[in-house]
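One-letter residues, chain by chain:
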Amino acid sequence: MSAPVAGQVGPSSRSARRSRTLLLAGAAALATVDLILKAVTSARLTDGTTVDLGPLTLQLHHNTGVAFSLGAALPSWVIIAATGAIIAGLIWYLLVATPTLTGLARTGATLMLGGAIGNFLDRLDGGGVVDYLHTGWFPTFNLADVFVTTGVGLLILGTLLAPRPQDISAE
């Protein structure tokens, strides 16, 4: 058996690169879907129109803060800078961790990152995040929020359900 040649790509590095590429491509696709829905909603509901969908109502709301409008009184650049720093750290962590995550956890990471990027990009104009899903008993939210919340849950669940390495020191 020969030693690997420097620069040669082995199966594990190909797999790691593939999982990172899928994470980033999936997150970009989810962010794109979210931004398209926000643009359509903004165009259709600008005049105060609401659409009743049974348990949900579509109505336009701009959230200048973060979750549950926390920090809404802060200047938009503070929210943008803090959110950008958090997302940069999240991307770094996920790119490092993704090859070792279970499929369920990777799916959660992709959803979480896609939603975070969608809301971040929406926030860059300084007008806040477009929210449009309203239940009447919960603050108005958007698809990116659903992605983030579901993603966090799947990431945690996938991590908790991951097989534990066997202790080989007991020989």
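Residues numbered from 1 in each chain as written. Predicted model: local features only at pLDDT ≥ 70, side-chain atom pairs only at ≥ 80, totals over all residues. Heavy atoms only, no water.

**Side note on the overall build of the chain**
- Assigned secondary structure in the chain consists of four helices and three strands.
- If you list the helices and strands of the chain from N to C, you get α-β-β-α-α-β-α.
- Since a compact globule built from 171 residues should have a radius of gyration of about 16 Å, the 20 Å found for the chain marks it as more spread out than a globular shape.
- For the chain, the proportion of contacts with a sequence separation of at least 24, taken over those separated by at least 6, is 70%.
- Just so you have it, the chain exposes about 10500 Å², and 69% of that area is on carbon and sulfur atoms.
- When the 9 basic and 9 acidic side-chain charges of the chain are each reduced to a single mean position, those positions are 14 Å apart. (Helix = DSSP H or I, 4+ residues; strand = E, 2+ residues; numbered from the N terminus. Rg over C-alpha atoms; globule rule 2.2 N^0.38 Å. Contact = heavy atoms within 4.5 Å. Areas by Shrake-Rupley, 256 points an atom, 1.4 Å probe, with all protein chains shown as cover. Lys, Arg positive; Asp, Glu negative; His and termini not counted. Charge placed at Lys NZ, Arg CZ, Asp CG, Glu CD.)

**Some points on the UniProt feature "active site" (unreviewed entry) in the chain**
- The UniProt entry lists D131 and D145 under the feature "active site" (unreviewed entry), expressed in the numbering used here.
- For D131, the location among the structural elements is in strand β3 (residues 129–134).
- Leave out the neighbours within four places in its chain, and D131 touches Q59, L60, H61, N63, T140, F141, N142 and D145.
- What makes D145 partly exposed here is its relative accessible area of 24%.
- Once you skip the residues sitting within four places of it in the chain, D145 turns out to touch N119 and D131.
- Among the polar contacts made by the side chain of D145, one reaches the side chain of N119 at a distance of 2.8 Å. (UniProt positions renumbered as here; feature names shortened; annotations may be inferred. Buried < 20%, exposed > 50% of the residue type's maximum accessible area, 1.4 Å probe, protein only. Polar contact = N/O pair within 3.5 Å; in protein donor to acceptor, adjacent residues only side chain to side chain.)

**Topic: the sheet that holds strand β2 (residues 57–63)**
- The strand order across the open sheet built from three strands is β1-β2-β3, with neighbouring strands paired in antiparallel fashion. Here the strands that pair on one side only, and so sit at the sheet edges, are β1 (51–52) and β3.
- Where β2 lies against β3, five bridges are found, and the strand directions are antiparallel. Bridged to T57 within β3 is H134. (Pairing = 2+ DSSP bridges.)

**Observations regarding the UniProt feature "transmembrane region" (unreviewed entry) in the chain**
- Listed under "transmembrane region" (unreviewed entry) in the UniProt record, and renumbered for this structure, are residues 21–40, 77–96, 103–121 and 141–162.
- In this annotation, residues 103–121 is assigned 100% helix and 0% strand; the end-to-end C-alpha distance for the span is 27 Å.
- Helix makes up 82% of residues 141–162 and strand 0%. Its end C-alpha atoms lie 31 Å apart.

**Digging into a nonpolar patch on the surface**
- A surface patch of nonpolar side chains, amounting to about 530 Å² of accessible area, comprises L104, V152, I156, L157, L160 and L161.
- Considering every element that reaches the nonpolar patch, the biggest residue donor is helix α4 (residues 143–160), with four residues.
- Structurally, V152 is set in helix α4. (Patch = residues over 30% accessible without salt bridge, like charges linked within 9 Å, V, L, I, M, F, W, Y side chains within 5 Å. Salt bridge = Lys/Arg side-chain N within 4 Å of Asp/Glu carboxyl O.)

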